[in-house]
Every structure is written in structure tokens, then in C-alpha cells.
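Observations on the model geometry
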Amino acid sequence: MKPAWIYKVWNICKYLFKRFIAVFFGMPRSAVRLWEKLVVRLAQGILIFLMLVLAVDFNLFNLFGPSPDLFELKNPRNDNSSRLYSADGKLIGRYYVENRSPLEGNSLSPVLVHALLSAEDIRFYHHHGIDLKATAAAFYSTLRGNQRGGSTITQQLIKNLYKTRTSEKKGILQQVPGLGILISKTKEYISSIKMETLFSKDQILSLYLNTVDFGSNSFGIVAASETFFNKHHSNLLTQEAALLVGLLKAPTYYSPVLKPRNALKRRNDVLFQMANYGFISQHESDSLSKLPLSLKFNQYLQDEDAAYVKAAVAHELKSWCKSSGYNIYRDGLKIYTSIDPELQKQARDAMHIHMKSLQEKFDLHWQGRQPWVNARGETIEDFIETLARQTPAYATWLKHFNNNHDSAMKALSLPHKMTLFSWSGQKDTLLSSLDSIAWYARILNSGMVSIDPTNGHIKAWIGGIDYRYFKYDHVNQTRRQPGSLFKAFVYAAAFEKGLGPCDRRIDKPYRINYLENGEKKVWAPQNANWVFSGKSLTLKSAFAQSINSVAVQLTAEIGWDKIAGIARRFGIRSPLKNVPSIGLGSSEVTLLEMVNAYAALANRGEFNQAVLVTKITTHDDKVLYLHKPHNQRVLSENDAFLMEIMLRSGLTEPGGTTQGLWSFDLFRYQTDFGGKTGTSSNFADGWFVGVTPRLVTGIWVGGEYPSVHFRTSQTGEALRTALPLFGIYMQSVMQNENLKKYRGRFAPPPHAIDRPYKCSFLPPPNPDSTMVSGIAPANN
């Protein structure tokens, strides 16, 4: 038998339930007691409130806009920037949508937490996502016309992490004035409470500090610490932490870079709050407030020396990202390159010195005339208009004016404010789009790359004179005619056929009859100086002086298809025309291809594919990609040694095209030098590849358009446009004691050299003996 008290409780419960139902569903007022009415109204209010909360949370009929679901809250995701490192582990660039680095574990320093709590949410550890006291105070202040924030750190995290106030997160009712902010706040309240149940307070702090914008293109405390103080966030001093936390209120207004006075005042306000809440003493606050900002602003984020490297790596990794599923702009990867930052700096400085001087000479050379000319030297009258037709601005205006060309061109001729590149600094001016096109068409550009021939590692990469204005990379994107630079493949092929540096050919006119696409053609090229000496020249002397007639004879003897074949073997992947002129560089190639090929010659015939990216890891150092060295012999050691002799002959043979290097401080550092110039038709392109045992460097110089160039040999030959840049660069490298590893001598000759290579440039007494080891012309 059950105890009597159980029946009493049961009867009371039944009575209360019946009364609740009766009142809720409209019992007459005379039968309802006051306390019962209050309870029911409270229950009705709670029920309505819960229904509204559920409606907002589940976005009923799309009235309120989406809120983050439990999966999104449990798995918060930030886009983290990927870091680009040089060979010695120095940070040289980043890839990002927002410049952010992941915050590892519970690594927040107490001083940073104290500054944050003092400035943003002092009761953070005592509420569950909503601070009712702060909310009420904010509401009261707003009524009095003095707006102040009442959001907790958790609410701010929800807003930052899930972008709750963006247009795509707004529902129909949020378009109604006054309702938008109320609904957004409600969604943030709901999500904050959920997040507080899913994460610890310390985890929420870490998530928050990894999302916030500190200004100066820095998102998250890791990037901000490195940007403003060049240190890890765990090593921040009290005043430094106060400065960074102070930025959160208004990153631009309180920027220590743009507005240091505002930043100083805001920092001191945070220090005062820290003292007010007992995190530091008042004396410490007063002392720290007197200190200057003492920034160590990390300028690389604003003006990267390795801008072209960064773009080249991104281009190279496209296929890897596609196959691996990683995104370098979002996944916080570490990307290691072969770049030597000191060499990179020397290359950049050398390019600026030389190209500024060369541009002055070019402007003087064309003074009073426009520099865009055809093959006959005549000004191309519609040159600028033709370029203008290729611009997006022309397409936009053409569409605006219903395909009326004249109206579009008139719009492009209207002046407007713009900033132009100039060697004296950025130039703010008032010009039309057509004038801007003409301005940039006159400017000479350059590309420069250095490779370690022993392993193919790219040590320096300068794709142009200024990445801000010239995005097109002249190392791996531009294809231009290399001119005599291609002769190296002709002579390498000749050596494979048994010829040697001391064999001779006569410098005389030479004609080649051939078929191209079924059409009979004749090719009879001139020497660069338009003179045939009639002398018997050693191949070494002919190569050193870059005599075209001898290269043409060798091409005919060997076969131009064989020249193309050996070029392919040396890594040339650009399309090559199967025509006799291939030996004089008539096919367009990239600078990177040519330097990579010459690196194989400097490495005794062993080819290493050029390497820029050496390793890729996740942010926690899990290896995703590791370059595996692979070399391939493309020329016998003997023939490669003979080509080494040829490359060095330009410095020693009379009339050698590389003798301009003697004017630089290069030859007192126990280092061997060699190289080859190349000049295309009409002096449109100047090339030079310089070789040492430790470094092979290639340079291209020219206008953005082949029609823009010097007019004379005295001004436009590669030995005057490209070679001096190599000299300036290598002089600074040789003089730098920190770069001694790039000095060195070539290895001794192999024991089995079967052909002479030490020979006089003078002709032998008997003219009949000039054709040594002759090879019959090939039938191409």
C-alpha cells in the first residue's frame, strides 16, 4: 500500500494541471486567481519567446537569414595565409585571402589575455556568451545618444567568423528598417550561447584572436605580432599587447603606421584599463604610457622584394594544387623555395642601377621621335591606337557607345588622374589612357634569373623592373628570339659530330636552299657587322666573336633538325621551327629555358630541371611535397668541357663579345667566368648568359613590344644592353663576403680529351688546311 503523502502530491499536481489548462484556454476571469494568471502569462511569454528563437535559429520561411548550424560551430574554419620561405628559411611572402596564420594550441600569453579582457570583455569568464549588464548599459547609453558596444568576445567571434551581417546572411525581415540589427543581434546571441557550450573559454579566446582584423593587412594575432613587432605573439611586452588590442576598436583610425598619435593614445587607454582592473599596477601603467610605440614594422608585407618569385611559385603550383586538393590562399601551407635572399637583393639592385641608366640612354637616342618603328625604321603611325584596342578600357567604352569606335577612342583620350611608373619615383599626373599607353610603351624592361648549375636550384628571380606596374614575367612568360645565344646548341652538336674548338671555317657568305611547308626558299644571312672577312677562323674564335657565317655553315653540315633535337635535350620546350635559321635563334624561347640549358653546359653536360619550390608542408610541418633531385646527362663530359672552353673564349679571343666584363671587378676572386651574348633582329632583344662554376645567370633586355628598340649596333647590341647588368650584379656578388660560396674554379679537364682546344686564332700558313674534319652538308 502506497504512503498517504504520495496521494496528496498527486492530487495537487492534478489540480494545478487542470487549472493551468483552464486558464490557458480561456476560463472565465471570475474563476481565475491572480497568481494563476501571472504564471500562465509568464508561461505564454516563455513559449512565444522560444518559438521566436526557434524561428530565427531555423530561418523560418527565410524571414531571418541563415545562422551557423552545429557542424559549422563545432568546426570553425578560417582562411589561413600560406607562407613563402627562401632557402635559408626567411619569410619572403604570403598568399592569402586574409593575411592570417593559425594560432597554435593554448599559446596565448597572460599579458595579451589581460589586455584583451580589459579592453573588450572584463566579465568574459563570468558569463555564458551574453553579458546582460553590458547589454543593458549599452542600451541605456544608446538612449542617451552615446553609443557604446555591449557585445561580448563570444558575440564578436560569431560576427567575425561567420560574417553574420553580410548581405547573403540577411533574411526578408532584415530589409525592414530597425529590424535588421535586432535580428542580427538575436542570431549572434543564440550562436554565442551554443558556442559557449561547445568550447572552453580559452578556446574561444584563441579563436577570437585568430579572426580579428588588426589593420595593415594583418588578420589574427600571429600575423599582427609579426607585422608590427616582427616577433612571436607569446613574446609580446605589455605595452605591445596593449597597442595591438587597442587596434581592434578601429584598425585604420588607430593604426600606428598611419596615425601614430591616435595609436599611442589608444594604447595608453588600454594600459589604464589594465591597471583599473588590477592586471598591472598604476605605477607600471604610468611608466609604460611614457614609452614610444617602438614599432618594428615588417615592410615585406607592403613592398615585397620577391614579388615576381611569389607570382612564379603560384603559377608553378597550379597543377599541384589541382591534384592535391590544397589551396595556397586558404590552407596555411609553408612553401619553401631555393631563392637566396641576398642574391635576390643584389640582382634587384643591379637591375635598378642598369635599367635606369639604359632608359636614359634610350630616351636620348629617340629624342624628338617616337620609338615604335617597323623593320624599315619607319614610325608605326597607328601603334598606340592598335594597343588601345586591346585594352579592357576600350572594350568597356565600345560597349558603352554601342560599338562606336570613334566615341570609344575619344573617351580614351580624356585626361584623368593616374599614378605612373618612372625611374625617379611614382609620378602622380593628369593623362589620358592613350597617353598612358604611350608612356609605358617607351619603357625598356628586363628579366633576370640565376641558377646553381650543380642542382638546378633557382637562386634569384627578377621578372621585371617593377611588379606593381609590370606584372608580365620576363623570366618564364615572355618568349622572344634569343639570337646568337642559340649558337651554343649548334657548336655542341658540332662537337658531338667530332669537331673541336681548333677546327676552322672560313668567314664567307653562305646560302642554304631548303623547303618550308613545301615552298622552296633560300637563306643567306649576314654577319652582325655586315662584313665577311674571308679569314679562316677557329671555331673557338668564331664563337667568341659570334660570327654568323660559321654558325650557318655548321648548321648546314650537321642539319637543322639535329640542332632542334639537341636544344630539346637541353630542356627547350618552346616550339622550334625546323628551318636553317634556328641556329641563329629565330625561334622564340623563354629566358628560364636558355639559362637552364646553359647551366647544363656549366655542369659538365649534366642537366637538372630548374627548381624553384623545394618543399611544401602543412602549418604543423607535415610534408606534402618534397623535391627529388634528378639529373640527366645530355652531353658527354668531353664535349661539355669543350663547350666550357667556348663559353670562356669570349674573354680571351680577340674581338670576343664578352670582353666588356673586364671593366668590372670580377677577376681577383679565384672565380672562372664565361658567357654568351645574343641579339635579335633590329636589336629588339638583348640577351646575355654568364656562367661560373657555382652560378649561371641569364638576362634579357628589351621593350615590351619588339617594335620598340635601339636603332644601331653601338647602342642596341646585347654586349651594351644586357652584359653590363650581369657585370654590375656579379661584381656585387664577388665583393660580398657573405656570398663567397658562389666563387670557384671550373674542374680540370677530363683525362680523355681527344681534340685540341688550345689554339691560335691566327690562320695556318696553308689555306687549303682550313677545312679540318669536314662534314658533308645535310639534306634538310
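Residues numbered from 1 in each chain as written. Predicted model: local features only at pLDDT ≥ 70, side-chain atom pairs only at ≥ 80, totals over all residues. Heavy atoms only, no water.

What to know about the overall build of the chain
- The secondary structure content of the chain amounts to 28 helices and 20 strands.
- Of all 780 residues assigned to the chain, the portion counted as buried reaches 51%.
- Taking the contacts inside the chain whose residues are at least 6 apart along the sequence as the reference set, 69% of them involve residues at least 24 apart.
- For the chain, the accessible surface area stands at approximately 38,000 Å², while carbon and sulfur atoms represent 56% of it. (Helix = DSSP H or I, 4+ residues; strand = E, 2+ residues; numbered from the N terminus. Buried < 20%, exposed > 50% of the residue type's maximum accessible area, 1.4 Å probe, protein only. Contact = heavy atoms within 4.5 Å. Areas by Shrake-Rupley, 256 points an atom, 1.4 Å probe, with all protein chains shown as cover.)

Details of the sheet that holds strand S1 (residues 82-85)
- What the five strands build is an open sheet, ordered S2-S1-S5-S15-S16; its pairing is mixed. Both edges of this open sheet fall to strand S2 (91-95) and strand S16 (623-626), since each of them pairs with a single strand only. Here the average twist between neighbouring strands, direction ignored, is 20 degrees.
- Where strand S5 (residues 334-337) lies against strand S15 (residues 613-617), four bridges are found, and the strand directions are antiparallel. Counted as the bridge partner of Tyr336 is Lys615 from S15.
- On the sheet, helix H13 (residues 307-316) packs against S1, S2, S5 and S15 and is oriented at approximately 50 degrees with respect to S2. (Pairing = 2+ DSSP bridges. Axes fitted to C-alpha atoms, helices over the stretch in contact; angles between N-to-C directions.)

Regarding the packing of helix H4 (residues 110-120) against helix H11 (residues 260-276)
- One can describe the packing of H4 onto H11 by two numbers: an axis separation of 9 Å at closest approach and a directional angle of 95 degrees. In terms of orientation, H4 and H11 fall into the roughly perpendicular class. Of H11, the residues touching H4 (which contributes Val111, His114, Ala115, Ser118, Ala119 and Glu120) are Arg266, Val270, Gln273 and Met274.
- Across the contact of H4 with H11, the residue classes tally to five nonpolar, three polar and two charged. (Parallel < 35°, antiparallel > 145°, perpendicular 65-115°, else oblique. Nonpolar A, V, L, I, M, F, W, Y, C, P; charged D, E, K, R; others polar.)

Comments concerning helix H22 (residues 548-558)
- Counting buried residues along H22, eleven of its eleven residues qualify, which places the element largely inside the surrounding structure.
- Buried within H22 we find Asn548, Ser549, Val550, Ala551, Val552, Gln553, Leu554, Thr555, Ala556, Glu557 and Ile558.
- On its buried face, H22 sits against helix H20 (487-496), strand S10 (504-506), strand S11 (512-516), strand S12 (519-523), helix H21 (539-545) and helix H23 (560-569).
- Just past H22, the residue Gly559 takes up positive phi, approximately 110 degrees.

Considering H11
- The terminal C-alpha atoms of H11, which comprises 17 residues, lie 24 Å apart, in line with the 24 Å expected from a rise of 1.5 Å per residue.
- Turning to H11, its buried residues number three or more, namely Ala263, Arg266, Arg267, Asn268, Val270, Leu271, Met274 and Ala275.
- Residues of H11 that are buried sit in contact with H4, helix H10 (238-247) and helix H12 (282-289). (Expected span 1.5 Å × (residues − 1).)

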